[in-house]
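Spelled out from the first residue to the last, the chains are:
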Amino acid sequence: MCLCVTAAVSGSGSTETALTAEKGDVAILPCYTLGNVTPTLTSWIKNGKEVVKGGIYSPSPSLGGQRLAVLHDGSLNIRAVLPRDEGTYLCSSTLPGNNIFHARVLLQVTNGPENVSLSIGPATARSNGTLIVYRGSTVSFNCSGSSYPSQQLTWAFRGAGSSNQSLASAPGPWLDFRIQNVQPSAQGVYSCKANNTVSLQAANKSTELLVYYAPDRHPECVWVLAQDPSHVLFNCTWFGAYPAPKLLWGEDQGDQAAGWKGHVYKSEVTESLSVVLNRSMLEDGQTLRCTARHLAIAAGKQKSCSFNLKYPYPKGEPMATALEGSSITLTCTEDVSIPPANTTWRKGLQQEDIVPGSKYVLTEEDAVLKLTIHNISKDDEGVYFCRSENPLAVRELEVYLTVKNSSAYTGGVIGFFIAALIVGIAAIVAKTIYSSRHRICLGDGFGHMEEDQGDVLSLVESDDEQIFQDAVPRLPPITNGLRTTLVQIHRIPSGDHEDTETADRSPQDDTVRIETSADLVTF
């Protein structure tokens, strides 16, 4: 292949031509181009030295013998052009009639582009050559190649939203540019293109760049109760990651930063993973965890969601009492089970289902389930069960309802009234006795008062209560066969005029001796 760019200048018997050839191609340098005359002899000189000559009478060596040869029209044929063939060639052709024709040919040998290469980093190479970078990182791009005499390098991008977009272009042996905070939109095919500015030959090298990323949020875990209450479906979703993450459902028994230490139920590369477990695989206090693993997340920092499973625990009053013909509401609360339990009211030891209607009314308020029984009769007496069931277990609250008739209730009310009346009368009597405590009757020791003796003594409290602890004198011996009662009277001053009188009295003046047959009474 020969690429020629010719600029010919003709004068009296001479021309000048510029020609380019790619390395390895065949170049033909023209000499006489002004007519159809065949030169008899043509000589080619380069840098003042004859390189080859030939003509009708002295043909040049065979083309198979050497790279340079003179053709029949005097042109110079160069096979497998080498860079050293570049230069200025002069030809001298002898035409019929001994006319001499001279020509100048400037041969430029081009080379390349070759050794075109590109590098993108920091990046991780997959087995197929695709490069991986992570969202938010800074990525450098380098393109290089060699061409002679000169080249133009260009970075091109073809992505999902663009086609052959030029990112950077400049002459020279290399071309660099950088993308900071790389985003998923930068994912696509990058090409390094080298173009020889003289020969217009071009070469390029391409590679695909993938931008991996994962959402900052944790996966979402939900449960779906199956028709069989002893089974449950756990589902884990984590959307927004590229490529799809690896989701793993398992039993958590250790620190996730140190690696998975529990039993693995299911693992798959997907954005949504479900697992169905039955009662035999579940227990109270067990933790089920869904872990999302992705190359964009460092080891030990995986995102996850979990459930801490709990048995149901219905709560309420175990005893209830109601009157015939009235209404009563039994209440049951269950708010601790995970997954949430299905709570129902049942009647009797056989746990018969309660059908809502005018007799039984079921109401539910958040975690509280109420059973209202109207027009209660003796048939309603007995045990009721608040039954809570989730995939882990069944738990029951037993409530016993006692039904009483109205007559028993009336008797109870009357009994209560009589008891209250007795207590009230006793209180009144006690208060009356207490208020008359200053009146004390002295008897004969047998509880009888002797009218003829008239031994009655009234002690009157003063306005100012004072306590005297004077020593009581000893009683003299019994005289005349009669018993003696000793009473000491202490006067309490009530004014200044009594102080003088009291001072003139002796202690004996305040002692009264009473002879009586009654028993001795000491106050």
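All of these numbers come straight from a predicted model, not from anything done at the bench.

## Notes on the nonpolar core
Nonpolar side chains in soluble globular proteins generally cluster together in the buried interior. Phe 234, Trp 249 and Leu 288 are the most contacted members of the largest nonpolar core, which totals 22 residues. Contributions of two or more residues to this core are made by strand E18 (231-237), strand E19 (246-251), strand E21 (272-278), strand E22 (287-293) and strand E23 (303-308).

## Details of the pairing of E21
Because side chains alternate across E21, one face comprises the buried residues Leu 273, Val 275 and Leu 277, and the other comprises Ser 272, Ser 274, Val 276 and Asn 278, none of which is buried. As paired strands, E18 and E21 are joined by 7 bridges and run antiparallel to one another. Each residue of the ladder has a partner; that of Cys 236, found in E21, is Leu 273.

## Quick notes on a nonpolar patch on the surface
On the surface, Ile 414, Phe 417, Ile 418, Leu 421, Ile 422, Ile 425, Val 429 and Ile 433 cluster together into a nonpolar patch covering about 800 Å² of accessible area. The class of Phe 417 is exposed, set by a relative accessible area of 56%.

## Overview of the packing of aromatic side chains
Remark: the centre distance and the inter-plane angle together describe each pair of aromatic rings, the angle taken between the planes. Counted according to the given criterion, the structure contains 12 aromatic pairs. Ring centres of Tyr 134 and Tyr 212 lie 6.2 Å apart, and the angle between their planes is 70 degrees; this geometry places the pair in the edge-to-face category. On the criterion of sequence distance, the pair formed by Tyr 134 in strand E10 (residues 131-134) and Tyr 212 in strand E16 (residues 202-212) is long-range, its members being 78 residues apart. Their ring planes at 75 degrees and their centres at 5.8 Å tell us that Tyr 212 and Tyr 242 sit as a pair that is edge-to-face. Within this pair, whereas Tyr 212 is found in strand E16, its partner Tyr 242 is found in the loop between E18 and E19, the two being separated by 30 residues in sequence. With relative accessibility at 6%, the residue Tyr 212 sits in the buried group. Clustering of aromatic rings is evident, with ring pairs tying together Phe 141, Trp 155, Phe 157, Phe 177 and Tyr 190. Note that Arg 395 overlies the ring of Tyr 311, its terminal NZ or CZ placed 4.7 Å from the centroid.

## Quick look at the sheet that holds strand E2 (residues 27-29)
Spatially, E2-E6-E5 is the arrangement adopted by the 3 strands of the open sheet, whose pairing is antiparallel. Each edge of the open sheet carries a strand with a single partner, namely E2 and strand E5 (68-70). Put simply, the sheet's adjacent strands are angled 20 degrees from each other on average, direction ignored. Summarising the sheet, E5 and strand E6 (residues 76-78) pair through 3 bridges and their orientation is antiparallel. Its bridge partner lying in E6, Val 70 is registered against Leu 76.

## So, unusual backbone geometry
In this chain, Tyr 242 is followed by Pro 243 through a cis amide linkage whose omega measures -10 degrees. Here the bond from Ile 338 into Pro 339 is cis, since omega is -5 degrees, no more than 30 degrees from zero. As for its position among the elements, Pro 339 is in the loop between strand E25 (328-333) and strand E26 (342-347). Phi is positive for Asn 115, close to 55 degrees, though the residue is something other than glycine. Along the chain, Asn 115 falls in strand E8 (residues 99-121). By relative accessible area, Asn 115 is classed as exposed at 61%. Even without glycine at this site, Asp 366 takes up a positive phi of about 55 degrees. Locating Asp 366 in the fold gives a position in the loop between strand E28 (360-365) and strand E29 (368-373).

## Examining the pattern of salt bridges
Per the counting criterion, the structure on display carries 11 salt bridges. Between Lys 347 and Asp 380 there is a salt bridge, and its shortest N-O distance comes to 3.9 Å. Of this pair, Lys 347 sits in strand E26 while Asp 380 sits in the loop between E29 and strand E30 (382-389), and the two are 33 residues apart along the sequence. Arg 387 is the salt-bridge partner of Glu 389, the closest N and O atoms lying 3.1 Å from each other.

## Some words on the sheet that holds E23
Ordered by their spatial adjacency, 4 strands build an open sheet running E20-E19-E22-E23, and the pairing between neighbours is antiparallel. Each having just a single partner strand, strand E20 (264-269) and E23 make up the two edges of the open sheet. Sheet twist, expressed as the mean angle between neighbouring strand axes with direction ignored, is 10 degrees. Two elements, E19 and E22, share 6 bridges in a ladder whose sense is antiparallel. The partner of Leu 247 across the bridge, within E22, is Ala 292.

## A short note on the state of the cysteines
For the structure on display, the rule yields 5 disulfides. With its sulfur 1.5 Å from that of its partner, Cys 143 forms a disulfide with Cys 192. Disulfide Cys 143-Cys 192: torsion about the S-S bond near 55 degrees, hence right-handed. With a gap of 49 residues between them, Cys 143 in strand E11 (residues 139-148) and Cys 192 in strand E15 (residues 188-196) connect regions that are remote in the sequence. Overall, Cys 192 belongs to the buried group, its relative accessible area being 0%.

## With respect to the pairing of E8
For strand E7 (residues 87-95) and E8, the ladder comprises 9 bridges, and the chain directions are antiparallel. Across the sheet, Gly 87 pairs through a bridge with Leu 107, a residue of E8. Taking the residues that link successive antiparallel strands as the turn, the E7-E8 hairpin has 3 residues, and the phi of Gly 97 there is positive, at about 85 degrees. Direction of pairing for E8 relative to E11: antiparallel, over a ladder of 7 bridges. Across the sheet, Asn 111 pairs through a bridge with Tyr 148, a residue of E11.

## Description of the side chain of Asp 380
Here Asp 380 falls in the buried class, since its relative accessible area comes to 3%. A polar contact is formed between the side chain of Asp 380 and the side chain of Tyr 360, at a distance of 3.4 Å. Leaving out residues up to four positions away in the same chain, Asp 380 has contacts with Lys 347, Lys 359, Tyr 360, Ile 373, Asn 375, Leu 401 and Val 403.

## Some thoughts on the environment of Thr 329
Within the element layout of this structure, Thr 329 appears in strand E25. Taking relative accessible area as the criterion, Thr 329 reaches 40% and is therefore assigned partly exposed. A distance of 3.0 Å separates the side chain of Thr 329 from the side chain of Thr 372, its partner in a polar contact.

How each quantity is defined
Within each chain, residue numbers correspond to sequence positions counted from 1 in written order. Restriction of local features to residues with pLDDT of at least 70 applies here, the model being predicted, together with a cutoff of 80 or more for giving and counting side-chain atom pairs; totals for whole chains, interfaces and linings are based on all residues. Side-chain measures here rest on the full set of heavy atoms in the structure, leaving out hydrogens and waters. By convention a nonpolar core is built from buried Ala, Val, Leu, Ile, Met, Phe, Trp, Tyr and Cys residues, the set being connected through side-chain atoms within 4.5 Å. For every residue, the accessible area obtained with a 1.4 Å probe (protein chains only) is divided by the maximum for its type, and the residue is called buried under 20%, exposed over 50%, and partly exposed between those limits. Secondary structure elements are defined from DSSP: runs of H or I of at least 4 residues count as helices, runs of E of at least 2 residues count as strands, and each element is numbered from the N terminus. The criterion for strand pairing is that DSSP finds at least two bridges linking the strands in question. The patches described consist of residues with a relative accessible area above 30% and no salt bridge, like charges being joined within 9 Å and nonpolar side chains (Val, Leu, Ile, Met, Phe, Trp, Tyr) within 5 Å. Here the accessible surface of atoms and residues is derived via Shrake-Rupley with a 1.4 Å probe, and residues count as covered only by protein chains that are part of the display. Salt bridge criterion: a side-chain nitrogen from Lys or Arg within 4 Å of a carboxyl oxygen from Asp or Glu. Two rings belonging to Phe, Tyr or Trp (six-membered ring only in the last case) form a pair when the distance between their centres is within 6.5 Å. Interplanar angles under 30 degrees mark stacking, angles over 60 mark edge-to-face geometry, and anything in between is tilted. By definition, being over a ring means that NZ of Lys or CZ of Arg is both within 6 Å of the ring centre and within 35 degrees of the ring normal. Between the N-to-C directions of two axes lies an angle of 0 to 180 degrees, each axis being a line fitted to C-alpha atoms and, for a helix, fitted only over the stretch in contact. In this description, the term disulfide denotes a pair of cysteine sulfurs within 2.5 Å. A 3.5 Å cut-off defines polar contacts: any pair of N or O atoms within that distance qualifies, except that in protein one atom must be a possible hydrogen donor and the other a possible acceptor, and neighbouring residues in sequence count only when both atoms are side-chain atoms. Residues are treated as being in contact if the distance between any of their heavy atoms lies within 4.5 Å.

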